[in-house]
Amino acid sequence: ERLRRRYLPSRVRILFVGESPPASGRFFYQADSGLYRAIREAFVSIFPEFQDETFLESFRDLGCYLVDLCGRPVDRLGDRARRRARIAGEPRLNLTLQRLKPEFLVTVAKSINPNVESAEKLANWLGVRVTLPYPGRWSRHRAIFINGLAPVLRELRSSR
């Protein structure tokens, strides 16, 4: 969490919501996860000036931030425990939405969409939400993820 907070922008325009940090120890803000690579690829397609070495700083400077619904890894839990963890994460996401007030919300796994929607309602958040499949496992999902994120990034680019 300390590493994540280093990249908190002063104004969050796009809030990305993942399910949880992976049990593998890889982490978006360590620049070593599949999610990191997919998000970077989507950004570079719209912002070709972004460099690998400074991607996280550029991501932050555009007003982008990634949080997780669940504070602890859930990817190795059984279905029932995973569902309970997602539900337990809703109040935390609610508070995050109230505090950060993003313009856009990007759900980076369709499986957490009901939980994100619940937190959104609790927070009375009224921005634009985009729900995308998790991009890390299959190339088809990665392409859908990148293509689905592109319109939001074009909007961000045009309003810079």
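Within every chain, residues take consecutive numbers counted from 1 along the sequence as written. Only residues with pLDDT of at least 70 are given local features in this predicted model, and only at 80 or more are side-chain atom pairs given and counted; all residues enter the totals for whole chains, interfaces and linings. Each side-chain value is worked out from all heavy atoms of the structure, with water and hydrogens disregarded.

### A look at helix H5 (residues 113-123)
Part 1: Within the sequence span of H5, burial applies to Asn113, Asn115, Val116, Ala119, Glu120 and Ala123. Burial along H5 is one-sided: seen end-on, the buried residues are contained in an arc of 160°. Opposite its buried face, H5 presents the exposed residues Pro114 and Lys121, each directed more than 90 degrees away.
Part 2: Taken together, the buried residues of H5 touch strand E1 (14-18), helix H4 (79-100), strand E3 (104-107) and strand E4 (128-131).
Part 3: Counting from the N terminus, the helices are the DSSP runs of H or I reaching at least four residues and the strands are the DSSP runs of E reaching at least two. Downstream of H5 by a residue or two, Asn124 has a phi angle that is positive, lying close to 55°. Exposure is judged per residue with a 1.4 Å probe applied to protein chains only, and the accessible area is read against the type maximum: over 50% gives exposed, under 20% gives buried, and values in between give partly exposed. This arc corresponds to the set of directions leading from the helix axis out to the C-beta atoms. Any two residues whose heavy atoms approach within 4.5 Å are treated as being in contact.

### Some words on the sheet that holds E3
Part 1: Pairing between strands is defined by DSSP: at least two bridges between them are needed. The parallel open sheet is built from four strands, whose spatial order is E2-E1-E3-E4. What marks the edges here is a single partner per strand, and that holds for strand E2 (64-68) and E4. Between one strand axis and the next, the sheet turns through 20° on average, direction left out of account.
Part 2: Bridge count between E1 and E2: five bridges; the pairing is parallel. Residue pairing across strands places Ile14 opposite Cys64, the latter belonging to E2.
Part 3: A fitted line through C-alpha atoms represents every axis, and for helices the fit uses only the stretch in contact; the resulting angles, taken between N-to-C directions, go from 0 to 180 degrees. Lying over the sheet, H5 contacts E1, E3 and E4, oriented at roughly 170° with respect to E4.
Part 4: Its contacts with the sheet place helix H6 (residues 139-158) against E1, E2, E3 and E4, and it is angled at close to 155° to E1.

### Overview of unusual backbone geometry
Peptide bonds are, in most cases, trans, and in most cases residues other than glycine have a negative phi.
Part 1: Its identity as a non-glycine residue notwithstanding, Ala31 has a phi of 60°, on the positive side.
Part 2: The class for Ala31 is partly exposed, based on a relative accessible area of 34%.
Part 3: Within the chain, Asn124 stands out as a residue other than glycine whose phi angle is a positive 55°.
Part 4: Relative to the helices and strands, Asn124 resides in the loop between H5 and E4.
Part 5: Exposure remark for Asn124: the relative accessible area of 64% places this residue in the exposed category.

### Some words on the environment of Leu56
Part 1: Relative to the helices and strands, Leu56 is located in helix H3 (residues 55-61).
Part 2: Leu56 gets classed as buried once you look at its relative accessible area, which sits at 8%.
Part 3: Taking the C-alpha atoms as reference points, Leu56 and Leu122, separated by 66 residues in sequence, lie 30 Å from one another.
Part 4: Not counting chain neighbours up to four residues away, the residues in contact with Leu56 comprise Tyr7, Phe28, Tyr29, Ala31 and Tyr36.

### Overview of the pattern of salt bridges
Part 1: Note on definitions: salt bridges are taken to be side-chain nitrogens of Lys or Arg within 4 Å of carboxyl oxygens of Asp or Glu. Evaluated as defined, the whole model comprises 13 salt bridges.
Part 2: Arg157 serves as the salt-bridge partner of Glu49, at 3.1 Å between the closest nitrogen and oxygen. In this pair, Glu49 is assigned in the loop between helix H2 (34-46) and H3 and Arg157 in helix H6, connecting sequence segments 108 residues apart.
Part 3: Shared partners join several salt bridges into a network, and the residues in it are Glu117, Glu120, Lys121 and Arg129.

### Regarding the packing of H4 against H5
Part 1: At their nearest, the axes of H4 and H5 sit 8 Å apart, and the two run at 45° to each other. Classed by the angle they form, the pair H4 and H5 counts as oblique. As H4 runs across H5, the sense of the crossing is right-handed. Packed against H4, whose contacting residues are Arg86, Ile87, Glu90, Leu93, Asn94, Leu97 and Gln98, the element H5 presents Asn115, Val116, Ser118, Ala119, Glu120, Leu122 and Ala123 at the interface.
Part 2: Residues are grouped as follows: Ala, Val, Leu, Ile, Met, Phe, Trp, Tyr, Cys and Pro are nonpolar; Asp, Glu, Lys and Arg are charged; every other residue, Gly included, is polar. In terms of residue class, the contact of H4 with H5 is built from seven nonpolar, four polar and three charged. Note that the term roughly parallel is reserved for angles under 35 degrees, roughly antiparallel for angles over 145, roughly perpendicular for angles of 65 to 115, and oblique for everything else. Less than a right angle of anticlockwise turn of the near helix away from the far helix marks a crossing as left-handed, whereas a clockwise turn marks it as right-handed.

Without other data, these values stay purely geometric and don't point to any function.
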